[in-house]
Amino acid sequence: MQEAKIIQQAQALLYDRAMVSWNGEWVGAIAAIPKQTGTGGDLNYCEIFIRDNVPVMAYLLLQKKYDAVKNFLTTCLSLQSQTPQTRGIFPTSFVEHDGVLVADYGQRAIGRVISVDATLWWVVLANAYVRHSGDRDWPTQPAVQSGIQKFLDLILRPSFREAPTLYVPDGAFMIDRPLDVWGAPLEIQALLYGALRGAANLLRYAGPHSRPHTSHDCIRYARELRRHLLKHYWVTSKTVQVLRRRPTEQYGTGIQNEFNIQTETIPHWLQEWLGDRGGYLIGNIRTGRPDFRFFSLGNCLGAIFDLITPNQQRSLFRLVMQNQHHLVAQMPLRICHPPLEDADWRKKTGYDRKNLPWCYHNGGHWASLTWFLCIAMQRQSQSLPEDLKYNVKSFLKNSYELMLRQLPDQQWAEYHDGPTAHWIGQQARTYQTWTIVGFLLMHHFLNAPEEDSRILDLF
Ligand code: GLC
């Protein structure tokens, strides 16, 4: 099939099959298109997930379909939890049932996992909507302001810990099954940073009456979080050498090894992975148990939100270039590297057969993630040194072509398995919406003015 036909096919799938209407207006897209129209679809893939709609909403914003984005945001807001224990959280997903929208906050989820990212994404998307549509009325509405206040009640409140990170259980984000991602996983912290900065912008529309939480509170918190992440999560070959020589068992303030981390927890693969000039944000910091795995989405968001400096972004792109054989291979983009194997897999995933090594979240490849890397790279491209600029450009083109050549034939599979991503995911759904839209976004960004890659910028 020709490229133009494939684009048309993908757009038709999105608009005619994936988007759901409610009271005559679009409210979002289902996660995967069922094989036969009118059937319920598999498990909960027929529901509208907030996280799966992130690429959809970015695409609609770029197509200037602002009303659809506003309606999605307003619908999610009407489903923000009001019950005492979960007050302020947004649902992972929702679905129409007997004429009513029914939300899942985790009470129906496999393994009863809770999702934290949906709530953070809502604020990030609301900020993006206001920035791009220029709509000044929506954020001044009392319902929107009160939704943001309720979200901030969850974050800006006393807790048992002083650290500015958000502490979550295993599987609280896109990786929604046990994978040893409890504590302070990077993706949640990067999203928290984006949500705090986004909330700071949106609260300004309430003027001086923003109560109890103010823009200023959000900015102060976001700054502290950023300092913490840059200090404890950012690694390069140089920083690792410092980490390796730290004393342990220190007590009090002004010490070097706050989390009492033993040198032996620093894995040897890091040496080759980082090389001389690479850098990235590690997956997690916990007392005695850092997680050095590379998580693609958290790192992309760190760059897109300018949580890491332009210099650090260059080191991140160099790292991605030099590890392409791991991160892209035959289908971009590996979700995390390296996978948990053997005893680690058994103990830390609870023998999870969906997350076998090199599969699904555990080292599998997700085409839907590629556009995040694309915008991270493109928004910096003018400031990259010539060699890196050239490499990044051909890297993105190659990634797009891998998607173009395979995805339509593979029925827009949800994910790919194996060390080279040659196999369609063992339990992958077909016609997965974020695969389809991720491809459309890649096509858009490679052909549109570079400023479009600022779609998720916070300011
Ligand atoms: C799976 C994925 C999750 C996604 C959902 C719907 O549960 O792990 O990230 O949101 O499917 O596509």
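First, a word on scope: everything that follows refers to the structure included in this document. (Residues numbered from 1 in each chain as written. Predicted model: local features only at pLDDT ≥ 70, side-chain atom pairs only at ≥ 80, totals over all residues. Heavy atoms only, no water.)

## What to know about the side chain of D180
Okay, so step 1: Examined against the element boundaries, D180 turns out to sit in the loop between α5 (142-155) and α6 (186-203).
Okay, so step 2: For D180, a relative accessible area of 9% corresponds to the buried category.
Okay, so step 3: A distance of 3.3 Å separates the side chain of D180 from the side chain of R286, its partner in a polar contact. (Helix = DSSP H or I, 4+ residues; strand = E, 2+ residues; numbered from the N terminus. Buried < 20%, exposed > 50% of the residue type's maximum accessible area, 1.4 Å probe, protein only. Polar contact = N/O pair within 3.5 Å; in protein donor to acceptor, adjacent residues only side chain to side chain.)

## Considering the pattern of salt bridges
Okay, so step 1: Tallied over the entire structure, the rule returns 17 salt bridges.
Okay, so step 2: Note that K348 is salt-bridged to D344, the shortest N-O span being 3.5 Å. Remark: D344 and K348 occur in helix α13 (residues 342-349); sequence separation between them is 4 residues, near one turn of the helix.
Okay, so step 3: Given the relative accessible area of 31%, K348 is considered partly exposed.
Okay, so step 4: Given a relative accessible area of 36%, D344 falls into the partly exposed group.
Okay, so step 5: Taken together, the shared-partner salt bridges connect D180, R286, D344 and K348 into one network. (Salt bridge = Lys/Arg side-chain N within 4 Å of Asp/Glu carboxyl O.)

## Comments concerning the nonpolar core
Okay, so step 1: W122, Y280, W371, F372 and F439 are the most contacted members of the largest nonpolar core, which has 156 residues in total.
Okay, so step 2: For this core, the leading source of residues is α6, giving 12 residues. (Core = buried A, V, L, I, M, F, W, Y, C linked by side-chain atoms within 4.5 Å.)

## Thoughts on unusual backbone geometry
In most cases, non-glycine residues show a negative phi, while peptide bonds are predominantly trans.
Okay, so step 1: The omega torsion of the bond from P332 to L333 falls at 10°, within 30 degrees of zero and hence cis.
Okay, so step 2: The omega angle of the peptide bond from H337 to P338 is -10°, so this bond is cis rather than trans.
Okay, so step 3: If you trace the backbone, P338 turns up in the loop between β9 (336-337) and α13.
Okay, so step 4: Of note in this structure, N260 is not a glycine but carries a positive phi near 50°.
Okay, so step 5: Take N260: it is sitting in the loop between α8 (237-243) and α9 (269-274).
Okay, so step 6: In this structure, Y360 is a non-glycine residue whose phi angle is positive, near 50°.
Okay, so step 7: One can find Y360 in the loop between α13 and α14 (370-378).
Okay, so step 8: On the basis of relative accessibility, which here comes to 5%, the residue Y360 falls in the buried class.

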